[in-house]
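A structural walkthrough
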Amino acid sequence: GQQLNQSPQSMFIQEGEDVSMNCTSSSIFNTWLWYKQDPGEGPVLLIALYKAGELTSNGRLTAQFGITRKDSFLNISASIPSDVGIYFCAGQLGAAGNKLTFGGGTRVLVKP
Amino acid sequence: GAVVSQHPSRVICKSGTSVKIECRSLDFQATTMFWYRQFPKQSLMLMATSNEGSKATYEQGVEKDKFLINHASLTLSTLTVTSAHPEDSSFYICSARQGSGEKLFFGSGTQLSVL
């Protein structure tokens, strides 16, 4: 089946730094979604991308749908403590029951 | 965004008992809901697709008699873990699709601990 490789698996941030993570797939998707999950909670949708090449922002978050439709990245600018959490990318083909395929997640932690 | 309510948020049960988890779309109708399972520090694994008024579609390796899904109305899907065992302990999350759109909205999850 389809697999999404998300990197990095974890990263430490210092307040004010920019953060970047990406997902790559062995096959194409028609939609890319980025979610954030806090401990003990369900994922919350951050950004949805629907078209190859699309660049979308949501506050300090920016995400792009790769032109090959096999990758996407998420940037967080000027990080703040509440950015800590796990970020998941998810790809969706569209018609097939709209099932999502999730990446392995990027765990964002605060530098001690 | 749309609100999906999941209940209970945490349940502890004895081995051999059955546990029911509810997933409700509060401000929209959801013809399709999805059930996921998540182990610590891992990603979400799709268990089944729940369709209103019809049988659920289970992913490969998921026992349908073990994880009973009922989607009797456009706003409610339930997952029943039958005869739960310690290996069923996990975080279960539902999601609902609003209309025919691509966006899926998630419940807050249920932490199941089987003793």
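The structure contained in this document is the topic of the report that follows. Predicted model only: the values in this text are computed from it and were never measured. (Residues numbered from 1 in each chain as written. Chains lettered and ligands numbered in written order. Predicted model: local features only at pLDDT ≥ 70, side-chain atom pairs only at ≥ 80, totals over all residues. Heavy atoms only, no water.)

**Brief notes about the overall build of chain B**
How we decide: Counting from the N terminus, the helices are the DSSP runs of H or I reaching at least four residues and the strands are the DSSP runs of E reaching at least two. For a compact globule the rule gives 2.2 Å times the number of residues to the power 0.38, and the radius of gyration it is set against comes from C-alpha atoms. For every residue, the accessible area obtained with a 1.4 Å probe (protein chains only) is divided by the maximum for its type, and the residue is called buried under 20%, exposed over 50%, and partly exposed between those limits. Residues are treated as being in contact if the distance between any of their heavy atoms lies within 4.5 Å. Calculation of accessible area relied on Shrake-Rupley with a 1.4 Å probe; when residues are assessed, cover is drawn exclusively from the protein chains displayed. Positive residues here are Lys and Arg, negative ones are Asp and Glu, while His and the chain termini are left out of the count. The atoms used to mark charge sites are NZ of Lys, CZ of Arg, CG of Asp and CD of Glu.
Along chain B, the regular secondary structure elements total 0 helices and 11 strands. Listed N to C, the secondary structure of chain B is β-β-β-β-β-β-β-β-β-β-β in terms of helices and strands. Against the globule reference of 13 Å for 115 residues, chain B gives a C-alpha radius of gyration of 13 Å, in line with a compact fold. When its C-alpha atoms are laid out on the principal axes, chain B stretches across 40 × 25 × 20 Å. Residues counted as buried form 49% of the 115 residues belonging to chain B. Sequence separation of 24 or more characterises 53% of the internal contacts of chain B that already satisfy a separation of 6 or more. For chain B, the exposed surface amounts to about 5700 Å²; the carbon and sulfur share of it is 50%. The average position of the 11 basic charges and that of the 9 acidic charges among the side chains of chain B differ by 5 Å.

**With respect to the state of the cysteines**
In protein structure, a disulfide is the covalent linkage between the sulfur atoms of two cysteines. All names here are of chain B. Cut-off, in case you're wondering: Put simply, a disulfide is two cysteine sulfurs that come within 2.5 Å.
Under the defined criterion, the tally for this structure stands at 2 disulfides over all chains. Paired by a disulfide, Cys 23 and Cys 94 hold their sulfur atoms 2.0 Å apart. Because the sign of the S-S torsion sets the handedness, a value of about 80° for the bond joining Cys 23 and Cys 94 places this disulfide among the right-handed ones. Here the residue Cys 23 occupies a position in strand β3 (residues 19-25), and Cys 94 occupies one in strand β9 (residues 90-97), the gap between them amounting to 71 residues. Note on accessibility: Cys 23 and Cys 94 belong to one class, buried. A disulfide-free cysteine, Cys 13 has its sulfur positioned 18 Å from the sulfur of Cys 94, the nearest such atom.

**Some points on the nonpolar core**
Note the following rule: Think of a nonpolar core as a cluster: buried Ala, Val, Leu, Ile, Met, Phe, Trp, Tyr and Cys residues, connected wherever their side-chain atoms sit within 4.5 Å.
Grouped together as the largest cluster of nonpolar side chains are 25 residues, with contacts concentrated most on Val4(B), Trp35(B), Leu79(B), Tyr92(B) and Leu112(B). Elements with a contribution of two residues or more to this core: β2 (10-13), β3, β4 (32-38), β5 (44-51), β7 (67-73), β8 (76-81), β9 and β11 (110-114) of chain B. In contact with Leu79(B), other than residues within four places in its own chain, are Val19(B), Lys20(B), Ile21(B), Trp35(B), Phe67(B), Leu68(B), Ile69(B) and Tyr92(B). Membership of the second largest hydrophobic core comes to 20 residues, among which are Cys23(A), Ile47(A), Ala63(A) and Phe65(A).

**Some details on the sheet that holds β3(B)**
Residue and element names in this part refer to chain B. Quick reminder of the rule: Pairing between strands is defined by DSSP: at least two bridges between them are needed. The axes used here are C-alpha line fits, helices contributing only the stretch in contact, and every angle between their N-to-C directions lies in the interval 0 to 180 degrees.
Taken in spatial order, the 4 strands line up as β1-β3-β8-β7 in an open sheet, and their pairing is antiparallel. Each edge of the open sheet is held by one strand with a lone partner, namely β1 (4-7) and β7. Looking at each pair of strands side by side, their axes are set apart by 15° on average, direction ignored.

**Here we look at the packing of aromatic side chains**
Stated formally: Only Phe, Tyr and Trp rings are paired, with Trp represented by its six-membered ring, and only when their centres lie within 6.5 Å; those with planes under 30 degrees apart are stacked, over 60 edge-to-face, the remainder tilted.
If you walk through the whole model with that rule in mind, you get 9 aromatic pairs over all chains. Taking 6.0 Å as the distance between ring centres and 45° as the angle between the ring planes, the aromatic pair formed by Tyr35(A) and Phe102(A) counts as tilted. Of this pair, Tyr35(A) sits in strand β4 (residues 31-37) while Phe102(A) sits in strand β10 (residues 100-102), and the two are 67 residues apart along the sequence. Note on accessibility: Tyr35(A) and Phe102(A) belong to one class, buried. With 5.5 Å between their ring centres and 45° between their planes, Tyr36(B) and Phe106(B) make a pair best called tilted. Here Tyr36(B) is found in strand β4, whereas its partner Phe106(B) is found in strand β10 (residues 104-106), with 70 residues between them in sequence. Here Tyr36(B) falls in the buried class, since its relative accessible area comes to 0%. Take Phe106(B): its relative accessible area is 9%, and that puts it in the buried class. Linked through ring pairs, Tyr35(A), Phe88(A), Phe102(A), Tyr36(B) and Phe106(B) together constitute an aromatic cluster.

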